[in-house]
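Structural features, examined
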Amino acid sequence: MTSPAIAPVPDWDMTPYFPEFGGPEYSAFRDALAADVEGWLERVQELGSLSAASLEAWAQQLASLEDLTNRSAHLGSYLGCLGAADARSERIQTETARAAAARAELQKAFVWVRAALRETDDEVFEALKATDRLRDVAYFLDRLRERAAWSMEPELEALVAELGPTGFSAWGRLYDQLSGKLEFDLEVAGRETRRLPVSMRLTLLQDPDPAVRRATLLGTNRAWQGVADVVAACLNGIAGQRLTLYRRRGVPHFLDPALFDAAVGRPTLDTLLEVVKARQEVARRFLRRKARLLGRDRLGFQDLHAPLPVSSPRRVSFDEGRERVLAAFEAFHAELGEFAGGAFDRRWIDWRPRPGKRPGGFCSSSSWIGESRVFITYDGADGDVSTLAHELGHAYHAWVVRGLRPWATRYPMTLAETASTFAEQLVIDAGLSSPDTTAEARASILDGRMRDATAFLLDIPMRFDFEKALYAERGQGELAPGRLCELMEQAQRENFGDTLARDELDPWFWASKLHFYITGLSFYNFPYTFGYLFSLGIFARAKQEGPGFLPRYRELLALTGSDTAERVARRALGVDLEQPEFWNASIDLVEAELGRFEEAVDAL
């Protein structure tokens, strides 16, 4: 395997956000935002309670608050992108901390709004939503009022917001900085040891050489073990503060805020997980077959992303990956292909591996400028092409809703994964249907599709089970790194069953997985399985209806910030997500793909 090229600078163009980091335009925007938030807080406290007499004044201030949140999100998107691209920059870290403090002031605004909405009567609240200024964001206001039921006194909530930058969010920033700087030694027998950033982990775990995969898992885990106390402190700090606040706010169960953020009810989540758990054998059957193909009785955790042992898998250059994505998008509908082409042409994507780059991939969008940015580490594996399509799917979702009010674009993670997974399926399906695809390549594509299914049916439930166990125990005290490793191994055994070798699990997964350290959302896991199965159902309909499905697809995406996941599914697709039929039908599609995979490898 060749060493990846290292780019000295990011590939994306951030100047549409601001011409220069720290420049006059940036500083003016940042300072004006802070001043306007301060002025808003002064004005709203003078308003007093929300009543019929103050209705119009409150409507005006809420519309102003929507603008402030939009500007804050723009600044946060910009700094988040810069910080991911260069986790070593102290200037960016300083500005990110400053922005966190500014967001805390903005959170105080929502403290006063939630208190006002909670205390007013139903008649006044309905009249508020019906005003010309707020009619288009009535759902968002409903959500604010619902969330207000879990609130302490405004003064205490304001204190929580003020302490956030130096407490809660500081743990997340510390993890981001640590993971961006962390490096490991790749030690493969007979080869020169290489020092690499841990952000290369996922790409290296897709290497065809089992020695490289094993060395990657061991090497990155040694690196995480070296900072175990710090990382465990981050995780304990984040979970501990959440639980303390839940208790003081009267939250019945630690899952309730995650369900609220995901815009799904507990019956939907329970049904989803029951169906997934009942049908995990579909994914396990694939892993057993994959183990035999790799010449093993059972896989190691490092083999979950391994390619098929076909003759020398070819690396896919970024240019070729781009063309694959564009062709697949264009084949579905010209609009989607044109959008993706514009994203490449306008340099929305930072893709090259390099030291100091944070692990993971994401799409960050700003409705202030109507643009998105995609962050990935692309090294030429087939999975990298899927990741590129996935993140561009997120960008397309943001593009579809760009003309809506900012508060009508705040879609939950469950529905946020719809467009991204749909985009992945387009690229995969295009590869399978191409006459130029060889038998070996077809088997590899189906292998990739089944690896995705394994992630959503086994890996994501594993993360969910671990996080549930973490929160259950964190309520009794802090968890040491060793205990976190035990919980992680237990979750892996329960979900992967007999498909993984008992001595080749990944006990340090809790340290290496960024999702556990996101302070804005807890349980950043089950929405992925929801989105995967939900989008499979949508993709099946798209294949049946062809390009004529796009208008309905766009309508569905546009609804995602204006209703619950259950009601969006009912309105756009006519399905009931609280019942098992829809979820089982999606897993039936996975099982059919497994049959195609088995036929493909049998034919080789």
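Residues numbered from 1 in each chain as written. Predicted model: local features only at pLDDT ≥ 70, side-chain atom pairs only at ≥ 80, totals over all residues. Heavy atoms only, no water.

**Quick notes on the overall build of the protein chain**
The test is simple: Numbering of helices and strands starts at the N terminus; helices are DSSP runs of H or I of at least 4 residues and strands are runs of E of at least 2. Here the globule rule is a power law, 2.2 Å times the number of residues to the power 0.38, and the radius of gyration is based on C-alpha atoms. Buried, partly exposed and exposed residues are distinguished by accessible area as a fraction of the type maximum, computed with a 1.4 Å probe on protein chains only: under 20%, between the cut-offs, and over 50%, respectively. By the convention used here, residues are in contact when the closest approach between their heavy atoms is within 4.5 Å. The Shrake-Rupley method, run with a 1.4 Å probe, gives the accessible areas here. Residue values count only the displayed protein chains as cover. Counted charges follow a simple rule, with Lys and Arg positive, Asp and Glu negative, and His plus the chain ends left uncounted. Where a charge sits is defined by one atom per residue type, namely NZ (Lys), CZ (Arg), CG (Asp) or CD (Glu).
The helix and strand inventory of the protein chain stands at 24 helices and five strands. Relative to the compact-globule value of 25 Å for 604 residues, the protein chain shows a C-alpha radius of gyration of 24 Å, a close match. Taking all 604 residues of the protein chain together, the buried fraction comes to 59%. By sequence separation, contacts in the protein chain at least 24 residues apart represent 77% of the contacts at least 6 residues apart. Working note: accessible area of the protein chain is about 24100 Å², and carbon and sulfur atoms make up 50% of it. For the protein chain, the distance from the average position of its 72 positive side-chain charges to the average position of its 89 negative side-chain charges is 2 Å.

**Digging into the side chain of R474**
Note the following rule: Each salt bridge in this description consists of a side-chain nitrogen of Lys or Arg and a carboxyl oxygen of Asp or Glu lying within 4 Å of one another.
Residue placement: R474 occurs in helix α18 (residues 439-474). There is no salt bridge for the buried R474, and the closest opposite charge comes from E478, which lies 4.1 Å off by N-O distance.

**A word on empty space enclosed by the protein**
Convention followed: Here a cavity is any set of points on a 1 Å grid over the protein atoms alone where a 1.4 Å probe fits but cannot get out, and a pocket is any open set with protein on both sides within 12 Å along at least 5 of 7 lines; a residue lines the site when it has an atom within 4 Å of a point. Grid points are joined across faces, edges and corners, and a volume is the space filled by probe spheres set on the points. Asp, Glu, Lys and Arg are counted as charged, while Ala, Val, Leu, Ile, Met, Phe, Trp, Tyr, Cys and Pro are counted as nonpolar; the rest, among them Gly, fall into the polar class.
All chains considered together, the criterion is met by three cavities of 30 Å³ or more. Taken as a whole, the largest cavity holds about 70 Å³ of empty space. Around the largest cavity sit L33, A34, V37, S72, L75, G76, A99, A102, R103 and L106, which together line it. Only α1 (24-47), α2 (55-85) and α3 (90-119) provide two or more residues apiece to the lining of the largest cavity. Counting residues per element, the lining of the largest cavity draws most heavily on α3, at four residues. Residues belonging to the lining of the largest cavity are distributed by class as follows: seven nonpolar, two polar and one charged. A volume near 60 Å³ is recorded for the second largest cavity. In terms of lining, the second largest cavity is formed by A258, D261, A262, M413, L521, S522, F523, Y524, F526 and P527. Residue assignment for the lining of the second largest cavity shows that the elements contributing at least two residues are α11 (256-262) and α21 (526-545). A per-element tally of the lining of the second largest cavity places α11 first, with three residues.

**So, helix α7 (residues 168-181)**
Counting along an α-helix, one turn takes 3.6 residues, and residues three or four places apart therefore face a common direction. Stated precisely, the cut-off is as follows: For a helix, the expected span equals 1.5 Å multiplied by the number of residues minus one.
Along its 14 residues, α7 runs 21 Å from first to last C-alpha, staying within 8% of the 20 Å computed at 1.5 Å per residue. Its buried side turned inward, α7 meets α3, α6 (154-163), α9 (210-226), α10 (228-249) and α20 (509-512).

**Looking at the packing of helix α16 (residues 382-400) against helix α22 (residues 550-559)**
Packed helix pairs are specified by the crossing angle of their axes together with the interaxial distance, meaning the distance between the axes. Selection rule: Between N-to-C directions, angles span 0 to 180 degrees; the directions come from axes that are lines fitted to C-alpha atoms, helices contributing only their stretch in contact. Every angle not falling under 35 degrees, over 145, or within 65 to 115 is termed oblique; those three ranges are roughly parallel, roughly antiparallel and roughly perpendicular.
Contact pair α16 / α22: the axes reach a minimum separation of 9 Å and the direction vectors enclose 80°. With respect to their mutual orientation, α16 and α22 come out roughly perpendicular. Contacts between α16 and α22 involve Y396, H397, W399 and V400 on the former and, on the latter, L550, Y553, R554, L557 and A558. Of the residues that constitute the contact of α16 with α22, the class distribution is seven nonpolar, one polar and one charged.

**Details of the packing of α21 against α22**
Look at α21 against α22: their axes get within 10 Å of each other, and the N-to-C directions meet at 155°. In terms of axis orientation, α21 runs roughly antiparallel to α22. The residues of α22 that touch α21, namely those facing F534, I538, R541 and E545, are R552, Y553 and L556. Each residue belonging to the contact of α21 with α22 can be placed in one class, and the counts come to four nonpolar, no polar and three charged.

**Points about the pattern of salt bridges**
By the definition in use, this model includes 56 salt bridges. One salt bridge connects R358 with D176, and the closest N-O pair in it is separated by 3.7 Å. On the criterion of sequence distance, the pair formed by R358 in the loop between β3 (349-350) and β4 (362-366) and D176 in helix α7 is long-range, its members being 182 residues apart. The exposure class of D176 is partly exposed, given its relative accessible area of 22%. The shortest N-O distance in the salt bridge between D379 and R315 comes to 3.5 Å. In this pair, D379 sits in the loop between β5 (371-375) and α16 while R315 sits in the loop between α13 (281-293) and α14 (318-332), placing the two residues 64 residues apart along the sequence. When salt bridges with common partners are traced through the structure, they connect R213, R214, R296, D303 and E504 into a single cluster.

**Considerations on a nonpolar patch on the surface**
This is how it is decided: Patch membership is restricted to residues that have no salt bridge and whose relative accessible area is over 30%. Joining uses 9 Å for like charges and 5 Å for the nonpolar side chains Val, Leu, Ile, Met, Phe, Trp and Tyr.
Together, L156, L159 and L163 make up a nonpolar patch on the protein surface, roughly 250 Å² of accessible area in all. Structurally, L163 can be placed in helix α6.

**Digging into the side chain of Q302**
For the record, the criterion: Side-chain atoms alone can form a polar contact between residues adjacent in sequence; in general such a contact is a pair of N or O atoms within 3.5 Å, and within protein one must be able to donate a hydrogen while the other accepts it.
On the secondary structure map, Q302 appears in the loop between α13 and α14. Classification of Q302 by relative accessible area gives buried; the value is 3%. Side-chain polar atoms of Q302 contact the side chain of E504, separated by 2.7 Å. Ignoring any residue separated from it by four or fewer positions in sequence, one finds Q302 in contact with L205, R213, R214, L217, R296 and E504.

**A look at the environment of S522**
With respect to the element layout, S522 can be found in the loop between α20 and α21. Owing to a relative accessible area of 8%, S522 belongs among the buried residues under this scheme. Among all residues touching S522, those that are not within four sequence positions of it are R242, Y246, A258, E467 and Y471.

**Remarks on the packing of aromatic side chains**
Using the following cut-off: The criterion for an aromatic pair is that two Phe, Tyr or Trp rings (for Trp, the six-membered ring) have centres within 6.5 Å, with stacked assigned to planes under 30 degrees apart, edge-to-face to planes over 60 apart and tilted to the rest. Ring-over charges, as used throughout, are those where CZ of Arg or NZ of Lys falls within 6 Å of the ring centre and within 35 degrees of the ring normal.
Considering all chains together, one arrives at 43 aromatic pairs under this definition. When the ring of F422 is compared with that of F539, the centres are 5.5 Å apart and the planes differ by 80°; the resulting orientation is edge-to-face. Here F422 is found in helix α17 (residues 413-433), whereas its partner F539 is found in helix α21, with 117 residues between them in sequence. Taken as a pair, F422 and F539 share a single burial class, namely buried. Ring geometry for F456 versus Y532: centroids 4.3 Å apart, planes at 20°, classification stacked. Within this pair, whereas F456 is found in helix α18, its partner Y532 is found in helix α21, the two being separated by 76 residues in sequence. Note on Y532: relative accessible area 3%, which makes it buried. By the ring-pair criterion, three or more aromatic residues cluster together here, those being F332, F339, W348, Y396, W399, F422, F539, F549 and Y553. One residue, R143, lies across the ring of F260, its end atom 3.9 Å from the ring centre. Just above the ring of F125 sits the side chain of R145; from NZ or CZ to the centre is 4.6 Å.

Purely geometric numbers; function is a separate question.
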